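Architecture at a glance
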Amino acid sequence: MQTKRTILYWSLQFAAWGSYFTLCATFMYLRDPRPAGLLLWIFIMLGHLTVSHALRYGIRRWRWLDLSPARLVGKLFISCIALAFAVNLLLAPIPPILGLNSLAVQFYMFRIFVPYSFVLFAAWCLVYVAFQYFFRYRDSEMNRLRLEASITEAELRALKAQVNPHFLFNCLNNLRALVAEDADKAREMLLHLSELLRYSLEAARRDKVSFEEELRIVEAYLALEKLQYEKRLSWRLNIAPGVLPVLIPPMLLQQLVENAIKHGIAQDTHGGEIVISATATKSGLEVRVENTGTIKELGRKGFGIENVRERLRLLCGSSASFDLQTISEGRVAAIAHIPLPA
Amino acid sequence: MKVLLIEDSRLARAEMKRLLSAEADIEICGEAENAHQAETLIASSEPDLLFLDINLPGRDGFELLAALDSAPPVIFCTAYSEHAVRAFEQNALDYLVKPVEPSRLSRALDKARQSVESDRGVKKQTKLGLQDRVFVRDGERCWFVTLKDVRLFEVEGNYSRLYFGTERPLIPKSLNHLESRLDPQLFFRISRRHIVNLQWISSIAPSVSGGLQLTLKGGEEVEVSRRQASLFREALSL
């Protein structure tokens, strides 16, 4: 993008100054066909080109385009006057060197050429600023579209935070076996499953649920996972009593626990333990899900972390945070901070 | 038919045993909760067929198969059809989704019976022959390759590269290990770098270095080292 614009800038610079002065030189040549005259016009052109480039450098260096239009116009106006003098002073020694005219004529020329250069630089500024404003408008438009797209994507992903089909079908299969083995327990588990399914279906339509409600579902979920992992899965709850009414996004804790099982418990032939804790902090609620295991496969997991983070930001504001860290050898914790609504 | 169940959930194993109890000719010769147990049981009880869950703790079902010298017929069981399964649906014996539908299971078993029947008699050798299958996984793609289709094995560090069809995947086994497992009447170690399937040789010519230059039917050109050349001539004349 930047190189494309630099190329555009230089082509316009050379094309505009070049064509304008070629025209001037042609008229002059028709009146006075001396080669020195043509040479002079080349110097004049190079002088204006150099000085206008210096002006561009200044505009970029001091970020004049970020100023209010009135201040920008003021600064450009003064610059154009100064540069009109500068370019003509710079060019003053050239005509005598080329043997074109005397000092008196030169002084006369100077009076004409300063306002003339000023008009050229002012026109240059007009074109330059117009281009820059246009680019800025287009960039901001593109950023806006990009932002909109990413928000929609995040929303879609948030909706997708539902019961994992892999879990669901394993669960149904286990229930099928349990019916023959322990019908009463199977009936109880079916209740847990329907609770979980109902909750996850409703979660798409609700923004916030109480921590207490979410926790009840997570316990139902863990009971169902216990059918799959049996001895390999154990858990502890460490919930401060005050946090139960705090509002959190639905399925958030469930997702953290599901990840802890998927990446921690399911990977180990001996399974492991999950510790769920929730404490009140000054600004809100800290939810922590610890599991045995290690952080690996950064590629794919990185996406999972981003997903949770984005969802939290979307639903709880920018002060919400989420992180995954190794807390000791073989123990990993997912930590979410959820701010209290102001 | 001796069947080994490889599945980490006890209830899922119970469910499968219950379903299989309806089939008179099926004998469950063992149950494994993970890949390690499965390897031991495959070696000790020599099952005709594996029921294999892909998601296992530690090494998964694919890693288990890749570690075996030859893959017995396999029916994959999974809770949800991941694309890893779909990737090789065509050349796997079959795959079932849990909970398993009984009619779907008997169809899969019929296929397995045919395959096991055709393997019988050829099998039960200590060395791997042309009809043996190996499981090969290369990234997302998997194959059950019958050894008669493999033209060439090439050393690649501690791994070996297999040449079959248009594919050249790596398997996590050394060429020395393969040499010790393959039937030397059929697969010949022509040099430090290569083992060649004798049935795939299309022409033989003397080479500059005093060995032999082989051209395979797949177009590959490989060299028999000088040391192996006389043994190779003997093997061919037999």
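Refer to the structure presented above.
Calculation notes
Residues numbered from 1 in each chain as written. Chains lettered and ligands numbered in written order. Predicted model: local features only at pLDDT ≥ 70, side-chain atom pairs only at ≥ 80, totals over all residues. Heavy atoms only, no water. Salt bridge = Lys/Arg side-chain N within 4 Å of Asp/Glu carboxyl O. Helix = DSSP H or I, 4+ residues; strand = E, 2+ residues; numbered from the N terminus. Buried < 20%, exposed > 50% of the residue type's maximum accessible area, 1.4 Å probe, protein only. Contact = heavy atoms within 4.5 Å. Buried area = accessible area lost by both parts, 1.4 Å probe. Polar contact = N/O pair within 3.5 Å; in protein donor to acceptor, adjacent residues only side chain to side chain. Pairing = 2+ DSSP bridges. Axes fitted to C-alpha atoms, helices over the stretch in contact; angles between N-to-C directions. Core = buried A, V, L, I, M, F, W, Y, C linked by side-chain atoms within 4.5 Å. Phe/Tyr/Trp six-rings, centres within 6.5 Å; stacked < 30°, edge-to-face > 60°. Lys NZ or Arg CZ within 6 Å of the ring centre and 35° of its normal. Parallel < 35°, antiparallel > 145°, perpendicular 65-115°, else oblique. Left-handed = near helix turned anticlockwise from the far one by under 90°. Expected span 1.5 Å × (residues − 1). Arc of directions from axis to C-beta. Nonpolar A, V, L, I, M, F, W, Y, C, P; charged D, E, K, R; others polar. Patch = residues over 30% accessible without salt bridge, like charges linked within 9 Å, V, L, I, M, F, W, Y side chains within 5 Å. Areas by Shrake-Rupley, 256 points an atom, 1.4 Å probe, with all protein chains shown as cover.

Now for the pattern of salt bridges. Throughout the structure, instances matching the rule amount to 28 salt bridges over all chains. A salt bridge links Arg176 of chain A to Glu15 of chain B; the shortest N-O distance between them is 2.7 Å. One end of the pair, Arg176 of chain A, is in helix α6 (residues 165-181); the other, Glu15 of chain B, is in helix α1 (residues 10-20), on a second chain. Taking the relative accessible area as the measure of exposure, Arg176 of chain A reaches 36% and is therefore partly exposed.

With 21 residues of chain A at the contact, the number on the chain B side is 20 residues. Buried area between chain A and chain B, both sides added, is near 1800 Å², and the carbon and sulfur share of it is 52%. Its largest share of buried area at the contact with chain B, chain A owes to His166, Asn173 and Arg176 of chain A, together 30% of the area lost on that side. The interface formed by chain A and chain B includes four salt bridges.

The next thing to look at is the side chain of Ser79 of chain A. Residues and elements named next belong to chain A. Secondary-structure assignment places Ser79 in helix α3 (residues 69-91). By relative accessible area, which is 12% here, Ser79 ends up buried. Polar side-chain contacts of Ser79 include one of 2.6 Å to the backbone oxygen of Lys75. Contact partners of Ser79, with chain neighbours within four places excluded, come to Leu55 and Trp64.

All right, on to the sheet that holds strand β15 (residues 221-224) of chain B then. Hydrogen bonding along the main chain pairs the strands of a sheet, whether they run parallel or antiparallel. Residue and element names in this part refer to chain B. Spatially, β13-β14-β15 is the arrangement adopted by the three strands of the open sheet, whose pairing is antiparallel. Among the strands making up the open sheet, the edge pair consists of β13 (201-206) and β15. Each adjacent strand pair in this sheet contributes to an overall mean axis angle of 25°, direction not counted.

With that settled, the discussion passes to the nonpolar core. Note that soluble globular proteins tend to have their nonpolar side chains buried in a common cluster. Residue and element names in this part refer to chain A. Counting 55 residues, the largest nonpolar core has Phe211, Leu253, Val257, Ile261 and Leu285 as its most contacted members. A total of 10 residues in this core trace back to one element, the largest contributor, which is helix α8 (residues 211-229). When sequence neighbours within four positions are dropped, the list of residues in contact with Ile261 reads Tyr221, Leu222, Glu225, Tyr229, Leu233, Ala266 and Ile274.

This part takes up the packing of aromatic side chains. Counting across every chain of the model gives 21 aromatic pairs over all chains. Measuring from centroid to centroid gives 5.1 Å for Tyr9 of chain A and Trp10 of chain A, while their planes differ by 70°, and the two rings are edge-to-face. The partly exposed category is assigned to Trp10 of chain A, whose relative accessible area is 29%. By way of ring pairs, the aromatic residues Trp17, Tyr20, Phe21, Trp41, Phe113, Tyr116 and Phe121 of chain A are connected into one cluster. Here the guanidinium or amino end of Arg56 of chain A rests over the ring plane of Tyr9 of chain A, the centre of that ring lying 3.7 Å away. Seen from the ring of Trp200 of chain B, Arg151 of chain B lies directly overhead, with NZ or CZ sitting 5.5 Å from the centre.

Next up on the list: the sheet that holds strand β4 (residues 74-78) of chain B. Residue and element names in this part refer to chain B. If you trace the five strands from one edge of the open sheet to the other, you get β2-β1-β3-β4-β5, paired in parallel fashion. With one partner strand each, in any of the chains shown, β2 (27-32) and β5 (94-97) form the two edges of the open sheet. The average angle at which neighbouring strand axes cross in this sheet is 20°, direction not considered. Bridge analysis of strand β1 (residues 2-6) against strand β3 (residues 49-53) gives four bridges, and the strand direction is parallel. Its bridge partner being in β3, Val3 is matched across the sheet by Leu49. Contacting β3, β4 and β5, helix α5 (residues 102-119) runs over the sheet at an angle of about 165° to β5.

We now examine unusual backbone geometry. For the bond running from Lys98 of chain B to Pro99 of chain B, omega is -5°, close enough to zero to count as cis. Within the secondary structure layout, Pro99 of chain B lies in the loop between β5 and α5. Even without being glycine, Arg63 of chain A reaches a positive phi, approximately 50°. Note on placement: Arg63 of chain A falls in the loop between α2 (35-61) and α3. What makes Arg63 of chain A exposed here is its relative accessible area of 57%. A positive phi is found at Glu46 of chain B, a non-glycine position, where the angle reads about 40°. Take Glu46 of chain B: it is sitting in the loop between α2 (35-45) and β3.

All names here are of chain A. Following both chains from N to C, one finds α6 and helix α7 (residues 183-203) inclined at 160°, their axes separated by 7 Å at the closest point. Relative to α7, the element α6 lies roughly antiparallel. Crossing of α6 against α7: the hand is left-handed. Contacts between α6 and α7 pair Phe167, Leu168, Cys171, Leu172, Leu175, Leu178, Val179 and Glu181 from the former with Ala183, Lys185, Ala186, Met189, Leu190, Leu193, Leu196 and Leu197 from the latter.

Here the focus is helix α7 (residues 226-237) of chain B. All names here are of chain B. Between the first and last C-alpha of α7 there are 17 Å, a value that for 12 residues agrees with the 16 Å anticipated at 1.5 Å per step. Along α7, the positions that sit buried rather than exposed are Gln228, Ala229 and Phe232. Here the buried residues of α7 occupy an arc of 115° about the axis, which is enough to place them on one side. Set apart from the buried face of α7 by more than 90 degrees, the exposed residues are Arg227, Glu234 and Ser237. In this structure, the buried side of α7 is in contact with β11 (187-189), β13, β14 (212-216) and β15.

Residues and elements named next belong to chain A. At a minimum axis separation of 8 Å, α8 and helix α9 (residues 252-265) run at an interaxial angle of 25°. When the axis of α8 is compared with that of α9, the two are roughly parallel. Two packed elements cross with a definite hand, and for α8 against α9 that hand is right-handed. Contacts between α8 and α9 involve Phe211, Glu214, Leu215, Val218, Tyr221, Leu222, Glu225 and Tyr229 from the former and Leu252, Leu253, Gln254, Val257, Glu258, Ile261 and Ile265 from the latter. Within the contact of α8 with α9, the residues separate by chemical class into 11 nonpolar, one polar and three charged.

What sets the pattern is the α-helix's 3.6 residues per turn: residues three or four places apart point alike. Counted at 1.5 Å a residue, the expected span for α2 of chain A with its 27 residues is 39 Å, and the 39 Å between its end C-alpha atoms agrees. Looking one or two residues past α2 of chain A, Arg63 of chain A carries a phi angle of roughly 50°, positive in sign.

Residues and elements named next belong to chain A. A surface patch of nonpolar side chains, amounting to about 440 Å² of accessible area, comprises Leu8, Leu12, Leu126, Val127 and Phe131. When residues of the nonpolar patch are traced back to their parent elements, those giving at least two are α1 (2-31) and α5 (103-160). In this structure, Leu12 sits in helix α1. Looking at Leu12, the relative accessible area reads 38%, which means it is partly exposed.

From the geometry alone we can't say anything about function, so treat these as descriptive.
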